[in-house]
Amino acid sequence: MQLRKVCCHPYLFDGVEPEDAPEYGEHLIDVCGKMRFLDKLLERTTEAGEQTLIFSQFTMTLSVLEDFCDLRDIAYCRLDGSTSLEDRDE
């Protein structure tokens, strides 16, 4: 399980994120190759007006992706077990 987490993003482990780092900052992208690739990919797709679906089995990874979307000012809809039926329908 730990190896799967480290393959997704290093900040999925407690105490890895620098204490002096801002909540939303470039460090979120710089520490992970997958995030750098996702940053470039989403830049192209949003410029083209396309939508993107990202699937993850970890809700912790969804939280990192949510921070990334907030950082880049990308509109998103998070669907996980805590999402209400009304929000899913919308």
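See above for the structure.
Calculation criteria
- Numbering of residues begins from 1 in every chain and follows the order in which that chain's sequence is written.
- In keeping with the model being predicted, local features are shown solely for residues with a pLDDT of at least 70 and side-chain atom pairs are shown and tallied solely at 80 or more, while totals for entire chains, interfaces and linings include all residues.
- Only heavy atoms go into the side-chain values, all of them from the structure, while hydrogens and water stay out.
- Any carboxyl oxygen of Asp or Glu that lies within 4 Å of a side-chain nitrogen of Lys or Arg is treated as forming a salt bridge with it.
- Comment: elements are numbered from the N terminus, with helices defined as DSSP H or I runs of at least four residues and strands as E runs of at least two.
- Working definition: with a 1.4 Å probe on protein chains only, accessible area under 20% of the residue-type maximum means buried, over 50% means exposed, and in between means partly exposed.

Engineer: Before we go on, may I ask you to explain the pattern of salt bridges in this structure?
Structural biologist: Working definition: two side chains of opposite charge can pair if their charged atoms are close together. Inspection of every chain in the model, using the stated rule, returns 4 salt bridges. When the shortest N-O distance is used, the salt bridge between arginine 78 and glutamate 66 registers 2.8 Å. Here glutamate 66 lies in helix H4 (residues 59-72) and arginine 78 lies in the loop between H4 and helix H5 (85-89), a separation of 12 residues in the sequence. Across the salt bridge formed by arginine 78 and aspartate 80, the nearest N and O atoms sit 3.0 Å from each other. A residue is classified by how much of its surface remains accessible, and arginine 78, at 22% relative accessible area, is partly exposed.

Engineer: Looking at this structure, I do not really get unusual backbone geometry. What am I missing?
Structural biologist: One can expect most non-glycine residues to show negative phi and most peptide bonds to be in trans. Of note, the phi angle at aspartate 73 is positive, near 60 degrees, even though the residue is not glycine. Within the element layout of this structure, aspartate 73 appears in the loop between H4 and H5. Judged by relative accessible area, aspartate 73 falls into the exposed class, the value being 73%.

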